[in-house]
Every structure is written in structure tokens, then in C-alpha cells.
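Okay, here's what each chain looks like letter by letter:
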Amino acid sequence: MRRAKDYFTSTKGIVTASFSYTTNGFKTNWSATVMASLASSAELTATDFDDFLRKLRDARAVILQSKNEVVDKIEDTEFPVIRDQIAKVCAVLEHKSDAFAIVMNCSLTSEALLSLCKDTFSPFESLVTVCMIAGCCGCTKHLRDIIFERILTVNNELINLVGTSKSLCEQGALLTEAGAKSLALANGRVTEALKALKKIPPTNKASVKREILASFKVVKDVCNDVHDLIKDFEQVEGADAEKQTFGMEDDDLMMGYDDTLDANEYNRSKASIGVFGMGVKCLQKSTELLNGMSCKNKHVLPKLDDIVEKNKALTTAVNEFGVVMFPPQKISNVRGAGRDVLNRCTEYLSSVEEAIQIEVGENKDTAMAVIDSLVADIEGVRNDFLVSPLLQGDDSLDN
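The structure displayed is predicted, hence computed values, not measured ones.

Undergrad: Got a minute to help me understand the packing of helix α8 (residues 141-171) against helix α10 (residues 204-236) in this structure?
TA: Two measures define how a pair of helices packs: the angle their axes make with one another and the distance between the axes. It is the contact of α8 with α10, at a shortest axis distance of 9 Å, that shows an interaxial angle of 80°. One finds that α8 runs roughly perpendicular with respect to α10. Along the contact surface, α8 presents His142, Leu143 and Ile146, while α10 presents Asn204, Ser207, Val208 and Glu211. A class-by-class count of the residues in the contact of α8 with α10 yields three nonpolar, three polar and one charged.

Next comes the structure, spelled out in C-alpha cells:
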């Protein structure tokens, strides 16, 4: 297993040069570079935009190829160092982006614009290299995918920026209001892509926890939607419909759609609350269990990826279960979607359990007790849900 410094010396000095930038030193050196480029701008031709676009597309092909090559060549302890270098090179490119914004407020020429575009390639090339190195630092597939997806986004937005610049120059529209707006938007997307790349998770564990947190928010939103359905029924039940709509037609009713539950649908939705609750509980408890793990054992990395995949499946199942709660409900759909949520909960916890078996030491018994308790809860909810009289019957619409 090699260390990151071995890679720094094998990249023809590109990465090393990028890493040596300091904020003050960079600004000074960059200004001198731009002035030198502008001084020789008479030699530039329109085909230079095409050459730069070709280089960016070639870089994209290299990124995609590297993304599909799963390798572990560098010690995972190097990842924090590499992540810091990604942030530094992103900062260099953000300065270039700032230059676009500054020049756009001046009398912009095609030569100046081309010079600014070309001046971004060296740090971008360094950024690609360091991201490829980061992907070799003991990353899970999930974290690796995040890194490559975000560098690809930067690459795509740079292609869009250069393509926009080329188009404006060819149309002679640089100084028009529409031209300035399109260039500003393209430049802004580059900046946003760089900011996202700087925020890649610092560890494998952090990447998994962020994924679970994002899923938790989705699941909570679904639960809130179902809660609103139930609450709306309880508020409308027994009230005068005209008073509820203030004498006006509801927008949904005007479109021929009524999302108000009937009595059976209301009771069926109430009976489904426990299923939704298990989805929420599994995500909450798994995050607590992950907090007790270091996630640094290389043998646990595939299990972390499995947790991410099972987490996505659970989130999808909860979302689909929320959809079938809206009227008109179909008994078989509600029953099947609820069963699917509970099955996904079981599979998800199984993946967490496998990670615990590899990683957790003296606290393993406590962690396993949490898993066993959750599994027992799932089975209890499953029994209550599936035997409910409201979920028995054929596939006809229950009106």
C-alpha cells in the first residue's frame, strides 16, 4: 500500500504546484499570469475555445474511466490530507471564477474571455488528479461515487461555461444584457459545483450518516403527509362542508380530485401508523449504532455500502407506502406496500448487524440487543398490521 506522497511525485509536478498556492501568493501570481495572457491575446483564434473544450471532454473521459476502476492503493489515513488538498485546489478555481465576475463588469472582449477560460485548466487538471487520488484512499463505493460525481459536475459546468463563452464570442453578443446574464449564470454554476465538491464527507462513516439523515428527512415528510390526511379527516368529520371551504370550491375538487379520506380509509391509515413508525425508528437507531463504530476496518467497508443501498430501498418503500395512503385506497396496495416497508426494515437492520459483527468490540452485546429489540418490534407491528380487518378483502376499490 502506497502513501499519498508517492502519487504527488508521479504527476509531473501538477498537483505539487497546485498545493503550493497560498491565498496571498496566489492572487499575486494569478494577476501576473492574466496580464501576460492578455498581452499576447492577438495570437488567439476562435479555434482555441474548441481546443479547450476538447481538453475538458478528454478530462471527463479520464474521470469516468477512473470512477469505474475500483482500487485501494493508498492508506485510508491519508484521506483527510487529500480532502484538504481538494478544498485548496477548489479555492484556486473559485478565484478564477471570481475573475470572470470581475471582468464581466468591465469592457469584456473575446480575447480576455478566452484567456480567463484557458487559465482555469491547469488548476482543474490538478483537481481531477487529486480527486482520483482521493478515490484510492480506502473509500467505500458510496464515498468514492460522491467524489467522482462532484468532480464530474465541476467538469460539466466548466464545459458549459466555455461553450457559453464560445457561443457569445461567435455571435458578437458579449456586451449584450442577455449575453452577460447567460455568462453570469454559467459562471455561477461552476462556483456552486466547486462549493459542493469542497463539502465531500470527511470519512466513510460521515458519508453513510449523511445518507441516512437525508433519508430520515424524506421519511419524516411522508409521515407528515399521512398525518395531515388523518388530521384533515378528523377536522372535517361532522363539520359543514360549506363552512370548511368558506363558500368556495377547493382547487383539488375543481380539478376532479378529492383527497379527503372516507371512514374506512381513515381507519386504515390509522392502522398503518405503526408501519411508518418502524421506518423512522430503524433509521434513528441505526444512526446511534453507527456513532459507536469507527468504520475504519477495511472489512467493514462493503457492509457500509450495503447499509447505504438497503437504506435507499427502505426510503423508497416508505415513500410508496405514503402514496397508496391517498384516496381512493386499494386494500391490496396498502397491504402490499406496508408489508414491503417492514421487509425493507428487516433487511436494513440485517446489514447494520453485519457491520456491527465486524466492527464493534466490547459494546457488541449492547448493540446487538438494540438490533434484536428492533426486529421484535417489526414482527409485532407486522402481526398487528396484516391481521387488521381493514386490510382484508379483494383488490376492488374500497369506496
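More follows now that the structure is in view.
Undergrad: Whenever I open this one, unusual backbone geometry confuses me. Can you help?
TA: The bulk of non-glycine residues show a negative phi, and the bulk of peptide bonds are trans. Residue Pro328 is reached from Pro327 by a cis peptide bond, and omega for that bond is 0°. The topology assignment puts Pro328 in the loop between α15 (301-324) and α16 (331-359). The phi torsion at Cys295 lies on the positive side, around 60°, for a residue other than glycine. Tracing the sequence through the fold places Cys295 in the loop between α14 (273-291) and α15.

Undergrad: Sorry, what's going on with the environment of Cys139 here?
TA: Inspection of the secondary structure assignment puts Cys139 in the loop between α7 (121-134) and α8. With relative accessibility at 11%, the residue Cys139 sits in the buried group. Remark: the alpha-carbon pair of Cys139 and Asn204, spanning 65 residues in sequence, is separated by 6.4 Å.

Undergrad: What should I look at first to understand a negative patch on the surface in this one?
TA: Taken together, Asp221, Asp225, Asp228 and Asp232 make up a surface patch of like negative charges. Mapped onto the elements, Asp228 comes out in helix α10. Looking at Asp228, the relative accessible area reads 38%, which means it is partly exposed.

Undergrad: Would you mind going over empty space enclosed by the protein with me for this structure?
TA: Over the atoms a probe the size of a water molecule is rolled, and this reveals where empty space is left. Throughout the structure, instances matching the rule amount to one cavity of 30 Å³ or more. Roughly 30 Å³ of internal volume is contained in the largest cavity. The leading source of residues in the lining of the largest cavity is helix α5 (residues 79-104), at four residues. Looking at the lining of the largest cavity residue by residue, the class counts come to five nonpolar, three polar and one charged.

Undergrad: Just checking my understanding: could you explain the packing of aromatic side chains for this structure?
TA: A full pass over the atoms with the stated rule returns five aromatic pairs. On the numbers, 5.8 Å between centres and 85° between planes, the contact of Phe52 with Phe121 is edge-to-face. Of this pair, Phe52 sits in helix α4 (residues 47-67) while Phe121 sits in helix α7, placing them 69 residues apart in sequence. Phe121 shares its class with Phe52; the two are buried. Between the aromatic rings of Phe121 and Phe124, the centroid separation amounts to 6.4 Å while the plane-to-plane angle is 50°, which identifies the pairing as tilted. Within this pair, Phe121 and its partner Phe124 are both found in helix α7, separated by three residues, close to a single helical turn. Just as Phe121 is buried, Phe124 falls in that class too. Aromatic rings pair up to connect Phe52, Phe121 and Phe124 into one cluster. The positively charged end of Lys55 is found above the aromatic ring belonging to Phe121, 5.7 Å away from the centroid.

Calculation notes
- Going along each chain's sequence as written, the residues are numbered from 1 onward.
- Totals for whole chains, interfaces and linings use every residue, but because this is a predicted model, local features are given only for residues with pLDDT of at least 70 and side-chain atom pairs only at 80 or more, for both listing and counting.
- Where side-chain values are given, they derive from all heavy atoms of the structure, hydrogens and water being excluded.
- Axes here mean lines fitted to C-alpha atoms, for a helix over just the part in contact, with angles spanning 0 to 180 degrees between N-to-C directions.
- To qualify as a helix, a DSSP run of H or I must reach at least 4 residues; to qualify as a strand, a run of E must reach at least 2; elements of each kind are numbered from the N terminus.
- Our angle categories are set so that under 35 degrees counts as roughly parallel, over 145 as roughly antiparallel, 65 to 115 as roughly perpendicular, and the remainder as oblique.
- Residue contacts are counted whenever heavy atoms from the two residues lie within 4.5 Å of one another.
- Here the nonpolar group is Ala, Val, Leu, Ile, Met, Phe, Trp, Tyr, Cys and Pro; Asp, Glu, Lys and Arg are the charged ones; every other residue, Gly included, is treated as polar.
- Note on classification: 1.4 Å probe, protein chains only; a residue is buried when its accessible area is under 20% of the maximum for its type, exposed when over 50%, partly exposed between these limits.
- Residues with no salt bridge and a relative accessible area higher than 30% make up the patches, which join like charges within 9 Å and nonpolar side chains (Val, Leu, Ile, Met, Phe, Trp, Tyr) within 5 Å.
- Accessible areas in this description were obtained via Shrake-Rupley with a 1.4 Å probe; residue shielding takes into account the shown protein chains only.
- Only one rule defines a salt bridge in this text: a Lys or Arg side-chain nitrogen within 4 Å of an Asp or Glu carboxyl oxygen.
- In this count, Lys and Arg are taken as positive residues and Asp and Glu as negative ones, while His and the chain termini are left out.
- Where a charge lies is defined by one atom per residue type, namely NZ (Lys), CZ (Arg), CG (Asp) and CD (Glu).
- Note on definitions: the grid is 1 Å and covers protein atoms alone; a cavity is a set of points where a 1.4 Å probe fits but cannot get out; a pocket is an open set with protein on both sides within 12 Å along at least five of seven lines; lining residues have an atom within 4 Å of a point.
- Grid points are joined across faces, edges and corners, and a volume is the space filled by probe spheres set on the points.
- Stacked, tilted and edge-to-face pairs are distinguished by plane angle, under 30 degrees for stacked and over 60 for edge-to-face with tilted covering the rest, among Phe, Tyr and Trp rings (Trp via its six-membered ring) whose centres lie within 6.5 Å.
- Here, over-ring charges are defined by two tests on the NZ atom of lysine or the CZ atom of arginine: distance to the ring centre within 6 Å, and angle to the ring normal within 35 degrees.

All we've got here are geometric facts, nothing functional implied.
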